[in-house]
Amino acid sequence: EKHGNKQFVLMGLCSGADIAFETAVNDPRVVGLIQIDPFSYRTPKFYLHYTTYLLQQHGPKLVRPKDWWRVINKYGRPIARKLIGKQTLAERYPDLIESPFQRDIPPREYVAAGLRDLVNRGAQIFNVFTGGMKDQYNHQSQYFDCFHDIDFGGRVTARYLPDADHTLEALDLQERFINDLRDWFHRLPLTPAAGPVTEHAERKSWWQRLHDARYAA
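Quantities reported herein were computed from a predicted structural model and do not represent experimental measurements. (Residues numbered from 1 in each chain as written. Predicted model: local features only at pLDDT ≥ 70, side-chain atom pairs only at ≥ 80, totals over all residues. Heavy atoms only, no water.)

## Focus: the side chain of Q124
The cut-off we apply is this: Elements are defined by DSSP. Helices are runs of H or I of four residues or more, strands are runs of E of two residues or more, and each kind is numbered from the N terminus. It only takes one pair of heavy atoms within 4.5 Å for two residues to be counted as in contact.
In this structure, Q124 sits in strand 3 (residues 124-130). Aside from chain neighbours lying at most four places away, what touches Q124 is V31, G32, L33, G154, R155, W184, L188 and P189.

## Observations concerning the side chain of T157
Summarising the element assignment, T157 is placed in strand 4 (residues 156-161). Sequence-distant contacts of T157, defined by excluding residues within four places in its chain, comprise I125, F126, N127, W184 and R187.

## Re helix 5 (residues 108-120)
Which entries qualify depends on this criterion: Given a helix with a known number of residues, its expected span is that number minus one, times 1.5 Å. Here's how the labels work: a residue is buried when its accessible area is under 20% of the maximum for its type, exposed when over 50%, partly exposed in between, all with a 1.4 Å probe on protein chains only.
Its 13 residues give helix 5 an end-to-end C-alpha distance of 18 Å, which sits within 8% of 18 Å, the value for a rise of 1.5 Å per residue. Within helix 5, the full set of buried residues consists of Y110, V111, A112, A113, G114, L115, D117, L118 and V119. Backbone geometry just downstream of helix 5 places G122 in the positive-phi region, at approximately 95°.

## Observations regarding the packing of helix 1 (residues 15-26) against helix 5
We apply this condition: The axes are straight lines fitted to the C-alpha atoms, using for helices just the contacting stretch, and the angles between their N-to-C directions are given from 0 to 180°. Angle categories are assigned with fixed cut-offs, so that under 35 degrees is roughly parallel, over 145 is roughly antiparallel, 65 to 115 is roughly perpendicular, and the rest are oblique. Take the far helix as the reference: if the near one is turned anticlockwise from it by less than a right angle, the crossing is left-handed, and if turned clockwise, right-handed. Three classes are used, and their members are as follows: Ala, Val, Leu, Ile, Met, Phe, Trp, Tyr, Cys and Pro are nonpolar, Asp, Glu, Lys and Arg are charged, and the others, Gly among them, are polar.
Close contact between helix 1 and helix 5 brings their axes to 9 Å; oriented N to C, the two are set at 50°. Between helix 1 and helix 5, the angle is such that the two are oblique. In this structure, helix 1 crosses over helix 5, and the sense of that crossing is left-handed. Contacts between helix 1 and helix 5 pair F21, E22, A24 and V25 from the former with Y110, V111, G114, L115, D117 and L118 from the latter. Here the residues of the contact of helix 1 with helix 5 are counted per class, giving seven nonpolar, one polar and two charged.

## Let's talk about the environment of I105
Residue position: I105 is located in the loop between helix 4 (89-92) and helix 5. When its relative accessible area of 37% is taken as the criterion, I105 is described as partly exposed.

## Notes on unusual backbone geometry
For C14, which is not glycine, the phi dihedral falls at a positive 55°. Note on placement: C14 falls in the loop between strand 1 (8-13) and helix 1. Even without a glycine there, the phi angle at L168 is positive, about 55°. Mapping L168 onto the fold places it in the loop between strand 4 and helix 7 (171-186). Judged by its relative accessible area of 7%, L168 falls in the buried class.

So, in C-alpha cells, the structure goes:
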C-alpha cells in the first residue's frame, strides 16, 4: 500500500490456495485469485469417471485369485482383528494418528458462500486442477458442475491438467500454465465492479471454526 497499490491478486497451491481463498473473501482489495488444486467436491460425474478408470486399470485383475487374496488380506485382517478385540493402536485410535499433510476441507456450502461474495464484488478467479488430485477431481467440467447453483458471470476460469502432478513439475505443463495465466491477466479488469462487502467478508475462517470446535470446553 505504501507504493500506492490498492488492488491485489493472490495465488496459492493446495493449502496455500485455501489461505488465499479465505484472504480474498475477507479483503475487498483482492481483485483476482489464482488457485492450484483448490477446494473441490465430488459429483455424480466424478464417480462415473472414477469407476471407468478403476475398471480400465484393475478390471483384468478381478479374475485372478491372487489379487482377490490381496484384497481380502488388506481389508479382511483389520475387520477380523476388530471382531476378536486385537486391533492395533492405529486401528483403535485413528484420530490420534494424523498425517502431517492432512487438509481440512470445509463443507461445500461454506465455499459456495465465499465464491458468491467474490463474484458479486467483481473479483476474477483462475483455477487449475492437476492429475495429482485425481481421487478428488477428474474431469474438466467438475468445478462448474459442483457449483452449478452459482452464477459466475464469466468471472471464473477452470483448467484441468490430467497429466500434471500436484506441483506442476513438467516444463511443458509449466509453460502451458504460464500462457493460460498470461491470457487471464490480460482480461483482468483494472477496476472491477465494486460491490458491497457482505456479511461473509467478516466471517470467521474455516480453520478458526475448526479450532473452536476442537478445543471448546
